[in-house]
Amino acid sequence: MKRWKAITGLGVSAALVAMTAPAATASSPTLVGKTHGVTLNFMIASSGPAETNADKAAAAAWAKSTGNKVNVINSSNLTLQLTEAFSGGTPPDVFYGETPMFESMAKNAQLLASGTLVDPASDFYSSLVQAYTYNHTFYCVPKDSSTLAIEINTAMWTAAGLTNADLPTTWAKLAYDAKALTKGHVTGLVMSNSLDRVGAFFAEAGGSYMNKSDTGFAFNSPQDTQALTYLQGLAKKGYLKFTPGDGVDAGWGGEALGTGLAAMTIEGNWIIGAMQSDYPKIAYEVVPMPAGPTGKHGTLVFTNCWGIAAASKYTAAAVSFVKSLASPAQQLKFANAFGVMPSRPAVAQEWAKEHTAPIATGTETPNVSAFVQGDAYALPQVATVGFATVETAFNNEIDGLASANPQQMLSSMQTNAQALLQP
Amino acid sequence: MATVPQSAGPVTTRGELKAGPATTRSGGRAKAKSGRSPLHRGENLFGWLFVSPSVAILVVFMVIPIFLALYVSFTNWSGLTSPFSHSVQLVGLTNYRTLITKPGLYQTDFATSVRDNFYFFLFTVPLQTALALWLANLVNSRFLRAKGFFRTAFYFPSVTSSIAITIVFIFLFQGNGVVDSILGWFGIRGPDWVYDQSGVFTNILNSLGISSPGWGNHMFIGLSLWNWVAGPSVGMCVLIILLVWTTSGTFMLFFLAAMQTIGEEVDEASAIDGATPWERFRFVTLPLLRPALVLVVTLGFISTWQVFDQVVLLGPQNPTTITPSYFAYQVSFQDSNFGAGAAVAFLLFCLIIFLTLLQRRFVKEDLTK
């Protein structure tokens, strides 16, 4: 639950300008400070003890091998603490970079353009590199990635008489399955009332958040309207419900799946840890998001990055530290420790090979290939400064989707989002 | 009714008596000031010296931040640099305009937060005052046993952490929580309390068959009139119940303290004059509690416009309970728009000042009657 909140909050994404531009460095910044015998402040926003311990172990390993010290600070409200640190002029040297703050940090020259200093951009998923590129500069190395997929309660699936041939590979099949699985207090499909879930269907319909030339938003496109209308059809019949506030007593999709209120849900790979720790008795299967009417696949990607403060006195040491954090071996360690997906395609493939059990029970990790394959075509989120408020206004209307006008919901989001681009 | 002026007699006497020593004291001070006897030389200097620590604290932590916030409300400060760095530009009244006059999301959100907070204030202040008064009257009763126990019990919610209480309330009012279970015994399917955004007045009107009449479509500061009259959301009702319950203890204490300054002879005198218990309360006790009542209402007034921690806990994205103070926080930190956030804070400040002045005016007029 905590993880879900953290990741949706972080809501990753691509800066508007960045969408068109391939990643490239304008000019490399000069690094300062010694590379040994220094103490780095490392601010994290951990999802739980597993992540905190993994970060501490990684920091200790780097510190030992290079003769430095790392002070790990776990923040419970990263945005607040980072803002205070930056405005006070004493930011942490290395920190979890969150997308909502990314554009603002880059604009105010608070972020060291460290992307290509660590490794070439081509080593990482291009959707993630785009998310951290502002004004043609690759600022920040993607820490990890998370994509959405469908999680299915295996027991309910079999009880409803569904087989592998019925897996929700298309919109039609998803609607059929949701109907078959809706029984009594069980809702076929339950997902969070957020653009961070609904948006995946935009992509499947061939739509997007931005227009083709990436000069503005495209929420009022026919494709996006088609996607929202499809979901409305399911919601009207009661096969799809949103959480919280739409009559499902769960805080998020994972809780609905775990407590047996939902037969299917749409969540990212952070659900793995939650199922293991909170609902080990539920057996579930992970399948990719369905293809839309045109056969196009679509999902959303969420990410954090390893931010380095431009004002740090030890940027040379910080870059060396981030290099070790983002190294393939370390990424695999993080993935196995708390279920985040590596941001390097090569490492992600390797991780996927290790976890292929089709159905997860108890404390097992399910087949993660559904998550990993999404990275190739996932839609990054909007990073435009101020978009959080626009998204909240849209999210507030999702619970009432069954009786709302999808076109009107989208066009008001379009107006609100477009207003952000006017100076 | 004939008893009323008589029983009001001791009031004035008492009031004058009370005022007596105060006048003498202030008279004394005036003398010292003008006298300039060698004994009092340097008194002023020492006075300032003694209060300087608290003055310094006030200036550093209150006065400077207030002026800094006022300055920020006229800038486009992102919160990531020093507010005086060259990247921060003065933008004049732009921030205020986006909140009040310029159609857009900020205008709608600000209007919604003011509406929500207005209904919150409208229900909370009278309810908490009435409950506190009733509780104080109860525990002040001569015939009540175990007074100490009841006083502690009623005061308890006030000393408990608001965070803990709010979490307990969320559990009570959640989907299949205690409240909905109890309603279930009577065959009522309770709402999704905390997350229900629908307005209570709208719900009542809808059940009577009235839904959004023609006049309801007129827009006023970013919200339709129908939205303005929607009443508190169901989620806000939970917050109202919570606040009334937690604050009534503190205010009960204020009333209790005031009640104990009323001599028993006043009560007895009016009883002998033939006043019923209700008349004694209404025409004797209540007028004597006037200062306490003004204090409680004023404090309630201000605190209901500043409610924040409970709102944060009810859910960061929860649309049912957005207040201006929370909206200011959201705009500042979520959108990195500290200018607009500070502008919200100053508009809220003006609103509180305006409403407090209005309330004082009413109280004064009432006094001269």
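Residues numbered from 1 in each chain as written. Chains lettered and ligands numbered in written order. Predicted model: local features only at pLDDT ≥ 70, side-chain atom pairs only at ≥ 80, totals over all residues.

## Let's talk about the overall build of chain A
Here comes step 1: A count of helices and strands for chain A gives 19 helices and 15 strands.
Here comes step 2: Its C-alpha atoms give chain A a radius of gyration of 21 Å, within 12% of the compact-globule value 22 Å for 423 residues.
Here comes step 3: Principal-axis analysis of the C-alpha atoms gives chain A an extent of 65 × 50 × 35 Å.
Here comes step 4: Each of the 423 residues in chain A was classed as buried or not, and the buried ones make up 59%.
Here comes step 5: A fraction of 76% describes how many contacts in chain A between residues 6 or more apart in sequence connect residues 24 or more apart. (Helix = DSSP H or I, 4+ residues; strand = E, 2+ residues; numbered from the N terminus. Rg over C-alpha atoms; globule rule 2.2 N^0.38 Å. Buried ≥ 20, exposed ≤ 12 C-beta atoms within 10 Å, placed from the backbone. Contact = placed C-beta atoms within 7 Å.)

## Quick word on the interface of chain A and chain B
Here comes step 1: With 27 residues of chain A at the contact, the number on the chain B side is 23 residues.
Here comes step 2: Put simply, the parts of the chain that give the side of chain A that touches chain B at least two residues each are helix H4 (78-87), helix H5 (99-107), helix H18 (387-398) and helix H19 (406-421) of chain A.
Here comes step 3: In terms of residues, the side of chain A that touches chain B owes the most to one element, H18(A), which gives 7 residues.
Here comes step 4: Of the residues that constitute the side of chain A that touches chain B, the class distribution is 11 nonpolar, 15 polar and 1 charged. (Nonpolar A, V, L, I, M, F, W, Y, C, P; charged D, E, K, R; others polar.)

## Details of the pairing of strand S2 (residues 69-74) of chain A
Here comes step 1: Bridge analysis of strand S1 (residues 39-44) of chain A against S2(A) gives 6 bridges, and the strand direction is parallel. Pairing of Met43(A) across the sheet is with Ile73(A), part of S2(A). (Pairing = 2+ DSSP bridges.)

## Thoughts on the sheet that holds strand S3 (residues 94-97) of chain A
Residue and element names in this part refer to chain A.
Here comes step 1: Ordered in space as S2-S1-S3-S13-S6, the 5 strands form an open sheet in which the pairing is mixed. Strands at the two margins of the open sheet, each flanked by one partner only, are S2 and strand S6 (141-142).
Here comes step 2: Here 2 bridges tie S6 to strand S13 (residues 305-308), and the two strands are oriented antiparallel to one another. Considered in S13, the bridge of Val141 is made with Trp306.

## A look at the confidence of the model for chain A
Here comes step 1: Summing up the model confidence of chain A, the mean pLDDT is 83 and the portion of residues at 70 or higher is 93%.
Here comes step 2: Across residues 1-26 of chain A the pLDDT falls below 50, and counting only partners more than four positions away or on other chains, this stretch makes 80 contacts in the model. (pLDDT = per-residue confidence, 0-100.)

## A word on the domain arrangement of chain A
Here comes step 1: Its domain assignment divides chain A into domain 1 (2-145 + 303-354) and domain 2 (147-299 + 373-421).
Here comes step 2: The C-alpha centroid of domain 2 of chain A is placed 28 Å from the C-alpha centroid of domain 1 of chain A. (Domains from an automatic or database assignment.)

## Thoughts on the nonpolar core
Here comes step 1: Leu231(A), Val322(A) and Val344(B) are the most contacted members of the largest nonpolar core, which has 179 residues in total.
Here comes step 2: Here Val344(B) is in contact with Leu99(B), Phe110(B), Pro324(B), Phe327(B), Ala328(B) and Val331(B), once residues within four sequence places are set aside.
Here comes step 3: In this structure, Met252(B), Phe255(B), Val284(B) and Leu289(B) belong to the second largest nonpolar core, which totals 17 residues. (Core = buried A, V, L, I, M, F, W, Y, C linked by C-beta atoms within 7 Å.)

## Focus on helix H15 (residues 328-338) of chain A
The periodicity of an α-helix, 3.6 residues per turn, causes residues three or four positions apart to be oriented the same way.
Residues and elements named next belong to chain A.
Here comes step 1: Within the span of H15, buried status applies to Gln331, Phe334, Ala335 and Phe338. Taken around the axis of H15, the buried residues stretch over an arc of 105°, which confines them to a single face.
Here comes step 2: Packing partners of the buried residues in H15 comprise helix H3 (49-66), helix H13 (271-278) and helix H16 (345-354).
Here comes step 3: Note on H15: the residue one or two positions beyond its end, Gly339, has a positive phi of about 75°. (Arc of directions from axis to C-beta.)

## A few points about the confidence of the model for chain B
Residue and element names in this part refer to chain B.
Here comes step 1: Counting all residues, the mean pLDDT for chain B is 81, and 88% of those residues have values of 70 or more.
Here comes step 2: At the low end of the mean pLDDT range in chain B sits helix H1 (residues 3-35), at 41; at the high end sits helix H2 (residues 43-72), at 92.
Here comes step 3: Note that residues 1-34 has pLDDT below 50 and, in this model, 16 contacts with residues that lie over four places away or in other chains.
Here comes step 4: Predicted complex metrics record ipTM = 0.77 and pTM = 0.79.

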